[in-house]
Amino acid sequence: MKYTSQLSLSVQLPDDETFQSFQSQENQPVVIQLQGFIDLLVKQEPHPTALYLFGIKGVGKSHLLHASCAYAEQLGLSSLNLSFSELAQLSTEMFDGLEQIDVICLDDIHLIAGNDDFERAVFDLFNRVTEQGKCLIISGDQNVGNLDIKLPDLLSRLSWGLTEQVKPIHDDEKILALQYRAEQRGLILANDSAKFLLTRLSREMSNLISALDELDKASIREQRKITIPFIKDIFPHIGS
Amino acid sequence: MDQSHWQRCLSILQEELPAQQFSMWIRPLQCVIDDNIVTLFAPNRFVLDWVRDKYLNRLTELVSLNDPANPPMLRFDVGSIPTTSSVKVPSKVPAAEESTVKKAKTPADTNLPKTANVRNKYTFDNFVEGKSNQLARAAASQVADNPGTAYNPLFIYGGTGLGKTHLLHAVGNGILANKPDAKIAYMHSERFVQDMVRALQNNEMEKFKQYYRSVDALLIDDIQFFVGKDRTQEEFFHTFNALLEGNQQIILTSDRYPKEVDVEDRLKSRFGWGLTIAIEPPELETRVAILKRKAQESNINLADEVAFFIAKRLRSNVRELEGALNRVVANANFTGRAITIDFVREALRDLLALQDKLVTIDNIQKTVAEYYKIKVSDLLSKRRNRSVARPRQIAMALSKELTNHSLPEIGDAFGGRDHTTVLHACRKVKSLREETHDIKEDYSNLIRTLSS
């Protein structure tokens, strides 16, 4: 047993990446499509093999994929979310047998562009998933036609099913999303504090949530509420 | 320990781990509990090793929480529990019995059922025929009626998404319609490779050979992916010979002409022994018919003008057309709006913008010049020797077909030529495409490059 390589599992924050916590009115059609797509699998009705989501970095694509897995699990389906941001650690062997899983999410497919082995592996997975009647939910930072993927067979399959664009989330929705997440963590994040974070930090949701995580830990440690002065203490570089 | 305890373990892990790690490594695990033995099934060896390496300690702690004095034994294995059949009653994880566990594929799985993977939804009846694919369809249909004797092998080649796979399945279904107990195997070439690798690993090549040589029809898709797989090619060569000798049907598809498939020469030559037939990108009328057929299958009434609007803009392959229609239908279902041209324009905004961006006269000139290895300035020059004049005519014809520019505008863009020159070029290219295989192929390749 390799005890040395075991992760030390510090208690982290609850995973709340569900459809419910995806606060974006404009992207509600995307949520409905995703749910409807997974529902087709549950009802064992004919469905396209894949649903492709695209949008710029930070619009919540990863959130939607995690939420799809959570939704699938609620319905009794098996699921997996494979992120290509971890590509360096992965091997194409990772794809063996995945067609047995009901809902397979592949995040950031643009990161495999030009990597022949991975392009082939995803193409092969697509064919196996089609044969098994399971489904893929795939995200990328570009419309299929703009992806730099070299294998035309993979590109044509990506364009085959459903495609949804995830639109940028408005600032007021980001504030609501941050407040929702704060509430899930038992915190109160007042409007002015949320706005302060939004105007001083990178406005990508993932960064804002990381900041919230840090504030949460600090607020427990220092027994303080989250206020603008407290935020300035924790992130001195944005204080001025 | 029972399933509800495993659910508690999952909830704890979900809280402890970042969402990405949880969704990637823990979610796909499936738990089977038998007596006091907990077996976690991973979809493959890679996931299993990763989980054992990174999470074993924590998992051992968690499964022991209920009864630390008598902790269950934790085991790992590769395999899966089918869930889809039991999903009608929603539950977190279906209660699983060990007998339902599907272990990872072994060569025994190559002992496939008689109609391995033939999808009954692809038939000749729902194959939309047009000029671009009618020969391929006719040949496939003859093979379905007379397997092993009509054309053997039948080799169908063409770009991605043009209907090759549909025809393969249609042949399979056609043979079955005439002879319900026929043994037919459809597979993608990668699957053949994987089956063979497993057979080799498990020392079960005899079983593998026996299976593949016993089928009435072997349908292998995308044979070009055999490239670089020498051992597979060797085995396929022998399978191929055995099937041919036994008058068993072989149908192969590829994205290129047999001689251009990068496999052993002896295989290449055998590919051409029967009938080799191309499938071309569908022309406008066929694209419209495909859209109308697909819409009908989804119980949608797609007006002719809307079908023409989509078909005129998306030319590269049928998958792209179907994908576009899927988007339109999904949007219409969601918004409850009627499918009009304006609605389609909105629903496919990004896709259409992309096509418009790609298909400009500038881009056509650049692509044609690159294709024929000449300079764009040659296309615009007054030079009239054939090595320049022919590509120029082709570029003009493409500009007429792929853009909405008028003939005078196209003439202007080609070094200030008269519109009658453009008209002549279009007519010339049309007749050359009918008479000369090379020009026909070049033109198809250029259209595919420009519109994919």
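The rules behind these values
- Residues numbered from 1 in each chain as written.
- Chains lettered and ligands numbered in written order.
- Predicted model: local features only at pLDDT ≥ 70, side-chain atom pairs only at ≥ 80, totals over all residues.
- Heavy atoms only, no water.
- Pairing = 2+ DSSP bridges.
- Helix = DSSP H or I, 4+ residues; strand = E, 2+ residues; numbered from the N terminus.
- Axes fitted to C-alpha atoms, helices over the stretch in contact; angles between N-to-C directions.
- Contact = heavy atoms within 4.5 Å.
- Core = buried A, V, L, I, M, F, W, Y, C linked by side-chain atoms within 4.5 Å.
- Buried < 20%, exposed > 50% of the residue type's maximum accessible area, 1.4 Å probe, protein only.
- Buried area = accessible area lost by both parts, 1.4 Å probe.
- Salt bridge = Lys/Arg side-chain N within 4 Å of Asp/Glu carboxyl O.
- Polar contact = N/O pair within 3.5 Å; in protein donor to acceptor, adjacent residues only side chain to side chain.
- Domains from an automatic or database assignment.
- Nonpolar A, V, L, I, M, F, W, Y, C, P; charged D, E, K, R; others polar.
- Right-handed = clockwise from strand over helix to strand, strands pointing away.

Draft legend 1. Structural view of the sheet that holds strand S1 (residues 50-54) of chain A. All names here are of chain A. The five strands lie next to each other as S2-S3-S4-S1-S5, forming an open sheet whose pairing is parallel. Edge strands, defined here as strands with exactly one partner in the open sheet, are strand S2 (79-83) and strand S5 (162-165). Along the sheet, successive strands turn relative to each other by an average axial angle of 15°, direction set aside. Relative to strand S4 (residues 135-140), S1 runs parallel, the two sharing five bridges. In the sheet register, Leu-53 faces S4, and the bridge partner there is Ser-139. On top of the sheet, helix H2 (residues 61-74) reaches S1, S2, strand S3 (103-107) and S4; it is set at about 170° to S3, its chief contact.

Draft legend 2. Structural view of the side chain of Gln33(A). Here Gln33(A) is to be found in helix H1 (residues 28-42). Non-local contacts of Gln33(A), meaning those with residues more than four positions away in its chain, are made with Leu51(A), Glu164(A), Ala330(B) and Asn331(B).

Draft legend 3. Structural detail: the nonpolar core. Formed by 61 residues in total, the largest nonpolar core has its most connected members in Leu82(A), Phe84(A), Phe95(A), Leu106(A), Ile109(A) and Trp25(B). For this core, the element with the highest residue contribution is helix H3 (residues 45-64) of chain B, accounting for 10 residues. Membership of the second largest hydrophobic core comes to 52 residues, among which are Val31(A), Ala67(A), Leu198(A) and Ile209(A).

Draft legend 4. Examining helix H2 (residues 19-26) of chain B more closely. H2(B) sits mainly inside the fold: six of its eight residues count as buried. What H2(B) keeps buried is the set Ala19(B), Phe22(B), Ser23(B), Met24(B), Trp25(B) and Ile26(B). Against the buried residues of H2(B) lie H2 and S2 of chain A together with helix H1 (3-16) and H3 of chain B.

Draft legend 5. The arrangement of the interface of chain B and chain A in detail. Counting residues at the interface gives 68 residues for chain B and 72 residues for chain A. Across the interface of chain B and chain A, roughly 6,000 Å² is buried in total on both sides, 51% from carbon and sulfur atoms. When the buried area of chain B at its contact with chain A is split by residue, Met24(B), Arg27(B) and Arg319(B) rank highest and sum to 11% of it. Run the count over chain B and chain A and you get three salt bridges. We note a salt bridge from Arg120(A) to Glu190(B), for which the minimum N-O separation is 2.8 Å. Here chain B is connected to chain A by 18 residue pairs in polar contact (both at pLDDT 80 or more). Counting residues per element, the ones that place at least two in the side of chain B that touches chain A are H1, H2, H3, strand S7 (184-188), helix H6 (189-201), helix H12 (318-335) and helix H14 (349-358) of chain B.

Draft legend 6. Here's a closer look at the domain arrangement of chain A. Residues and elements named next belong to chain A. Looking at chain A, the domain boundaries give domain 1 (4-165) and domain 2 (171-238). Taken over C-alpha atoms, the centre of domain 1 sits 29 Å from the centre of domain 2. Contacts between the two partners involve 13 residues from domain 1 and, on the opposite side, 11 residues from domain 2. Remark: the boundary between domain 1 and domain 2 carries one salt bridge. Here Glu-17 makes a salt bridge to Arg-181, at a shortest N to O gap of 3.6 Å. Here domain 1 and domain 2 share two residue pairs in polar contact (both at pLDDT 80 or more) between them. A per-class count over the side of domain 1 that touches domain 2 returns two nonpolar, seven polar and four charged.

Draft legend 7. Just the pairing of strand S3 (residues 73-80) of chain B, in detail. Residue and element names in this part refer to chain B. In terms of strand pairing, strand S2 (residues 37-42) meets S3 through six bridges, oriented parallel. Pairing of Leu-40 across the sheet is with Phe-76, part of S3. For the crossover that starts at S2, traverses H3 and ends in the parallel S3, the hand is right-handed.

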